[in-house]
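Chain by chain, the residues run as shown.
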Amino acid sequence: VVNIPLQLRLDRTNFDFTQARADGADIRFSKEDGTVLPAQVQGWDSAQGLARVWVRVDTVFDDSLPHKLIMYWGNPRAIVGDTAVFDSAEGYMGVWHLDTKPTGFPLAFTDASTARNVPKAMGMLGKADSMPAIGAADGYSMGGIPLNGKDAYILASKNYTGPSSFMVSLWIRTTSTEGGKILGFVMPGVNATMAGKVGNFNFDRVIYMDDDGLVRAGFTMRSSNYPSVLGYWQSFTAARPLNDGKWHH
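Just so it is clear, the structure is predicted and the values come from calculations on it, not from any experiment.

1. Regarding the sheet that holds strand β6 (residues 69-72)
Across the sheet, which stays open at both edges, the three strands sit in the order β3-β2-β6 with antiparallel pairing between neighbours. One side of each edge strand has no neighbouring strand; the edge strands of this open sheet are β3 (36-37) and β6. Taken together, the four bridges between strand β2 (residues 28-31) and β6 define a ladder with antiparallel strand orientation. When the bridges of β6 are listed, Phe 29 appears paired with Met 71.

See below:
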């Protein structure tokens, strides 16, 4: 596979943070032949000795031979650059690290890709006193955000035509026994009735968790002849419950 972002996880056991800049701006990477590789510092905490850096590797081979990257640091004149690790030209529709509180007005998080698909903070997240981000020590990848499954969620700022094929990747940790939607597309402007409630229940291409902790994926749809009836199809079910309080990818 080609042009794949890989995450480098640094801590005090594998890196001396006193040798680099306090913000990690001097970190650079190359291949063994000197070819510079795009890199993006997601989080750098010199005090805690934790860092996450993304490196876009041009080729990952399917053999067992070791392939090395060279890491550079210690240049005081280095500055942070926009190196397009997550390039929309490679198909990225958005990359949301969600490791800081939302900012701006209205409140929104940052898109780390070049797609500029800013994730909007909705519900409780969209308020000025919104809940804090999960700390770097608690998140799997330099922190995250707590979502309560009721009135705190995020919404893409761009609309897309529903794709025939796509890939989504996320980390989640929960102990919930009430289930709920994790991620999915929403078909706007189409309302339906479910359990006596009228609303936009037309979640398409959705990943969700049942009360038993099993993650499922599929789609729901509304029939024009029967607006209160939702079609249902399921493509797969996880082999075991994932509501065990551990981080899952």
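2. Examining unusual backbone geometry
In this chain, Phe 105 is followed by Pro 106 through a cis amide linkage whose omega measures -5°. Along the chain, Pro 106 falls in the loop between β6 and β7 (119-123). For Leu 98, which is not a glycine, the phi torsion comes out positive at approximately 55°. Along the chain, Leu 98 turns up in the loop between β6 and β7. Even without glycine at this site, Arg 116 takes up a positive phi of about 55°. Within the secondary structure, Arg 116 is located in the loop between β6 and β7.

3. What to know about the environment of Arg 205
Examined against the element boundaries, Arg 205 turns out to sit in strand β12 (residues 203-209). Arg 205 gets classed as partly exposed once you look at its relative accessible area, which sits at 25%. Sequence separation between Arg 205 and Gly 218 is 13 residues; the distance between their C-alpha atoms is 5.5 Å.

4. Focus on the packing of aromatic side chains
For the structure shown, the criterion picks out seven aromatic pairs. For the pair Phe 166 and Phe 185, a centre-to-centre distance of 5.4 Å together with 80° between the ring planes defines the contact as edge-to-face. Taken together, the residues Phe 166 in the loop between β8 (152-156) and β9 (180-186) and Phe 185 in strand β9 connect sequence positions 19 residues apart. On the basis of relative accessible area, Phe 166 is assigned to the partly exposed category, the value being 39%. Relative accessible area serves as the criterion here: at 21%, Phe 185 is assigned to the partly exposed category.

5. Here's the deal with the pattern of salt bridges
Pairing between side chains of opposite charge can happen when the charged atoms of each approach one another. Scanning the entire structure with this criterion turns up three salt bridges. Its salt-bridge partner being Asp 58, residue Lys 31 comes within 2.8 Å of it at the nearest N-O pair. Of this pair, Lys 31 sits in strand β2 while Asp 58 sits in strand β5 (residues 50-59), and the two are 27 residues apart along the sequence. Overall, the relative accessible area of 25% leaves Asp 58 in the partly exposed class. Measuring nitrogen to oxygen at the nearest pair gives 2.2 Å for the salt bridge that ties Arg 216 to Asp 210. Note on Asp 210: relative accessible area 22%, which makes it partly exposed.

Thresholds applied
Residues numbered from 1 in each chain as written. Predicted model: local features only at pLDDT ≥ 70, side-chain atom pairs only at ≥ 80, totals over all residues. Heavy atoms only, no water. Pairing = 2+ DSSP bridges. Helix = DSSP H or I, 4+ residues; strand = E, 2+ residues; numbered from the N terminus. Buried < 20%, exposed > 50% of the residue type's maximum accessible area, 1.4 Å probe, protein only. Phe/Tyr/Trp six-rings, centres within 6.5 Å; stacked < 30°, edge-to-face > 60°. Salt bridge = Lys/Arg side-chain N within 4 Å of Asp/Glu carboxyl O.

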